[in-house]
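Chain by chain, the residues run as shown.
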Amino acid sequence: MDEKQKDLILKSCKLFQKYGIKSVSMDDIARECGISKKTLYEMVSDKTDIVRQVLDFEFDKDNKVPHNFNFGSNLNAVESMFYVYQSASEFFTDFNFSMEYDLKKYYPSLYEVNLKRRREHLYGILIKNMKQGIDEGFFRGNLNMDIIAKIHILKIEGIMQTDIFEDANYTIVDIFKELFIYHYMAIATPKGVEEFNKKVEELNRIKN
């Protein structure tokens, strides 16, 4: 990807996150990029093409580290889970609900593709982490990993779509933190709980 194309994707993404996808026109994108509409159409075929490229770029960016990270090399399963939690928290911090809504309503085929690969990516991380945790004695050996991974994905998607917390003074990161702890404690052995608490104490010392 050349720098002009990257600039187009980054500026389009910024507009979509600020205003939603539907309300941003091709004229808005050309203006934001400082190019003519003719030049814009030389770089992309239409707005759907831009949306697709933005989704591809954001997916690669958000998942670059977890995709390339070898969980078993130098971190145990608990440390790896905290690592993924921190990456996911950053994702939720930047998550835009109006952009997700527009994507689902106006670009359903792109939404389905994006949803499927997001699920597959997270499922792979969860399964790998649970296998490692069982081998290390941090997680229970009798886990039905397929069901647990899919339940956790379902819960994450739920907090991205529900309005049940609308009247509460919680951020999506607050909610995800509790979901992370809930998931961990449901699969942990006593050894795993001890390791979890050690990791929390270590992180608190770093912050302070």
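In this text, all values refer to a predicted model and were calculated from it rather than measured experimentally. (Residues numbered from 1 in each chain as written. Predicted model: local features only at pLDDT ≥ 70, side-chain atom pairs only at ≥ 80, totals over all residues. Heavy atoms only, no water.)

Undergrad: Please clarify how the overall build of the protein chain should be interpreted in this entry.
TA: In terms of helices and strands, the protein chain carries 11 helices and 0 strands. Starting at the N terminus and ending at the C terminus, the protein chain contains elements arranged as α-α-α-α-α-α-α-α-α-α-α. Its C-alpha atoms give the protein chain principal-axis dimensions of roughly 65 × 40 × 40 Å. Sorting the 208 residues of the protein chain into buried and exposed places 42% on the buried side. (Helix = DSSP H or I, 4+ residues; strand = E, 2+ residues; numbered from the N terminus. Buried < 20%, exposed > 50% of the residue type's maximum accessible area, 1.4 Å probe, protein only.)

Undergrad: Help me understand the packing of aromatic side chains in this model?
TA: When we look at a pair of aromatic rings, we describe it by the centre distance and by the angle of the planes. Within the structure shown, the criterion is met by 10 aromatic pairs. With centroids separated by 5.2 Å and ring planes inclined at 40 degrees, the aromatic side chains of Phe82 and Phe196 adopt a geometry described as tilted. A residue pair is termed long-range when its members are at least 10 positions apart, and Phe82 in helix H6 (residues 77-93) and Phe196 in helix H11 (residues 190-207) qualify at 114 residues. Considered together, Phe82 and Phe196 belong to a single accessibility category, that of buried residues. Between Tyr85 and Phe176, the aromatic rings sit 5.6 Å apart at their centres with planes inclined by 15 degrees, giving stacked as the arrangement. Taken together, the positions of Tyr85 in helix H6 and Phe176 in helix H10 (residues 172-187) put the pair 91 residues apart, joining distant regions of the chain. In this structure, Tyr85 and Phe176 share a single accessibility class: buried. Pairwise contacts between aromatic rings join Phe82, Tyr85, Phe91, Phe92, Phe139, Phe176, Phe180, Tyr184 and Phe196 into one cluster. (Phe/Tyr/Trp six-rings, centres within 6.5 Å; stacked < 30°, edge-to-face > 60°.)

Undergrad: Even after reading the chapter, I still don't get the pattern of salt bridges, so can you show me in this structure?
TA: A side chain with one charge may pair with a side chain of the opposite charge, provided their charged atoms come close. Per the counting criterion, the structure on display carries 12 salt bridges. A salt bridge links Arg31 to Asp28; the nearest nitrogen and oxygen atoms lie 3.0 Å apart. One end of the pair is Arg31 and the other is Asp28, both in helix H2 (residues 26-33) and 3 residues apart, which spans about a single turn. Residue Asp28 is classed as partly exposed on the basis of its relative accessible area of 25%. Of the charged contacts, one joins Glu58 and Lys61 as a salt bridge, the two residues approaching to 3.3 Å between their closest N and O atoms. Note that Glu58 and Lys61 are positioned in helix H4 (residues 47-68) at a spacing of 3 residues, about one turn of the helix. Among the residues examined, Lys61 registers a relative accessible area of 47% and is labelled partly exposed. Three or more residues joined by partner-sharing salt bridges are found here, namely Asp49, Arg52, Asp56 and Arg117. (Salt bridge = Lys/Arg side-chain N within 4 Å of Asp/Glu carboxyl O.)

Undergrad: Can you walk me through the environment of Leu122 in this structure?
TA: Assignment of secondary structure puts Leu122 in helix H8 (residues 108-136). Residues Leu122 and Val78 lie 44 residues apart in sequence; the distance between their C-alpha atoms is 16 Å. When residues no more than four places from it in sequence are discounted, the contact partners of Leu122 are Ile153 and Ile156. (Contact = heavy atoms within 4.5 Å.)

In short, shape yes, function no, at least from these values alone.
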